[in-house]
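Next come the chains, spelled out residue by residue.
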Amino acid sequence: LLFVLLWLASLQPVWLKLRLSAEGVQVEIKYLGFTARPDMKARSEDEDEDEDKDELKPQKKSKKRSFGAFVKLMPDITSAATSAGRYILSHILIKRLRASGALGFEDPATTGMAYGLYQAVLGWLPFTEEFELDITPNFADGTTSIEGEFEGGIRPSSVIASGAILMWRLPKLKLIRAMRA
């Protein structure tokens, strides 16, 4: 019975609501009737000082591993990560995506390239009422100001499945040998 309940819970999506504005970022996470709103405020100077103190402590020496072995495995790792990434991206449930504002950089050529990339992504998205994207290029003063909202979700079972795909596709013996080297 517990296994069936856990399986049913993993099929329920985790809903995420993001709001990006001039005031900052607001996040709301909902799952199985529970709601969480993490605090996204900027870190204070006291926290930065505490982190600097931790950096001054002597670090333990770690065993150096061969970086070349990992470089040789990069094609296999990127192939596995790409297939897992495609799987998880195809299982994201999007309720609403809204963005508006101006896109600009100091160099007008960079602004044009960024706006061209935006237009390419816009053509890739399906035309539905959930997507409201209104971003204009700002060639004059080169400032960027974008406000947006995203509502979507993903099932925990999809995250677990993408992890399983990643582990299945990785060359396990080669990774073990590279970690021992």
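Undergrad: How would you explain the overall build of the protein chain if you had to name every residue and give the values?
TA: Within the protein chain one finds 6 helices and 6 strands. Listing each helix as α and each strand as β along the protein chain from the N terminus yields α-β-β-β-α-α-β-α-β-β-α-α. For the protein chain, the residues scored as buried account for 18% of the 181 residues in total. Partitioning the intrachain contacts of the protein chain with sequence separation of at least 6 by distance along the chain shows that 73% fall at a separation of at least 24. Of the accessible surface of the protein chain, which amounts to about 14,000 Å², a share of 63% is contributed by carbon and sulfur atoms.

Undergrad: Please set out the pairing of strand β6 (residues 145-154) residue by residue, giving values where relevant.
TA: As defined by bridge partners, strand β1 (residues 14-21) adjoins β6 across 7 bridges and the pair is classed as antiparallel. Residue pairing in the sheet places Leu16 in a bridge with Gly152 of β6. With 9 bridges connecting them, strand β4 (residues 93-103) and β6 associate as antiparallel partners. When the bridges of β6 are listed, Ala99 appears paired with Gly148.

Undergrad: I'd like a description of the sheet that holds β4, backed by residues and values.
TA: Sheet architecture is open: 6 strands sit in the order β3-β2-β1-β6-β4-β5, paired in mixed fashion. Sheet topology places β3 (34-36) and β5 (131-137) at the edges, where each strand pairs with a single neighbour. Direction aside, neighbouring strands of the sheet carry axes that sit 10 degrees apart on average. With respect to the sheet, helix α4 (residues 108-124) is in contact with β4 and β5, its orientation differing from that of β5 by roughly 165 degrees.

Undergrad: Describe the packing of aromatic side chains, listing the residues and the values that go with them.
TA: Taken as a whole and assessed by the stated rule, the structure comprises 1 aromatic pair. Between Tyr115 and Tyr118, the aromatic rings sit 5.6 Å apart at their centres with planes inclined by 40 degrees, giving tilted as the arrangement. Of this pair, Tyr115 and Tyr118 both sit in helix α4, 3 residues apart, which is roughly one turn of that helix. In this structure, Lys95 is placed above the aromatic ring of Trp15, and the distance from its NZ or CZ to the ring centre is 4.6 Å.

Undergrad: Tell me about the confidence of the model for the protein chain, and please be specific about residues and values.
TA: The pLDDT averaged across the protein chain works out to 81; a share of 81% of its residues lies at or above 70. At the low end of the mean pLDDT range in the protein chain sits helix α2 (residues 45-56), at 55; at the high end sits β6, at 90.

Undergrad: Which residues make up the pattern of salt bridges, and what values do they have?
TA: A side chain of one charge can pair with a side chain of the opposite charge if their charged atoms are brought near each other. Taken as a whole, this structure holds 6 salt bridges when the rule is applied. A salt bridge links Lys30 to Glu28; the shortest N-O distance between them is 3.5 Å. The residue Arg96 makes a salt bridge to Glu151 at a minimum N-O spacing of 3.5 Å. Of the two residues, Arg96 is situated in strand β4 and Glu151 in strand β6; the sequence distance between them amounts to 55 residues. Of the residues examined, Arg96 reaches a relative accessible area of 30% and is grouped as partly exposed.

Undergrad: Describe unusual backbone geometry, listing the residues and the values that go with them.
TA: Phi angles above zero are rare outside glycine, and Leu32 is one such case at about 50 degrees. Within the secondary structure layout, Leu32 lies in the loop between β2 (24-31) and β3.

Undergrad: Run through the nonpolar core, naming residues and quoting values.
TA: Grouped together as the largest cluster of nonpolar side chains are 5 residues: Leu73, Ala80, Leu170, Leu175 and Ala178. The set of elements that each furnish at least two residues to this core consists of α3 (67-90) and α6 (172-180). Excluding its chain neighbours within four sequence positions, the residues that come into contact with Leu170 are Ile77, Ala80 and Leu175.

The rules behind each value
Residues numbered from 1 in each chain as written. Predicted model: local features only at pLDDT ≥ 70, side-chain atom pairs only at ≥ 80, totals over all residues. Heavy atoms only, no water. Helix = DSSP H or I, 4+ residues; strand = E, 2+ residues; numbered from the N terminus. Buried < 20%, exposed > 50% of the residue type's maximum accessible area, 1.4 Å probe, protein only. Contact = heavy atoms within 4.5 Å. Areas by Shrake-Rupley, 256 points an atom, 1.4 Å probe, with all protein chains shown as cover. Pairing = 2+ DSSP bridges. Axes fitted to C-alpha atoms, helices over the stretch in contact; angles between N-to-C directions. Phe/Tyr/Trp six-rings, centres within 6.5 Å; stacked < 30°, edge-to-face > 60°. Lys NZ or Arg CZ within 6 Å of the ring centre and 35° of its normal. pLDDT = per-residue confidence, 0-100. Salt bridge = Lys/Arg side-chain N within 4 Å of Asp/Glu carboxyl O. Core = buried A, V, L, I, M, F, W, Y, C linked by side-chain atoms within 4.5 Å.

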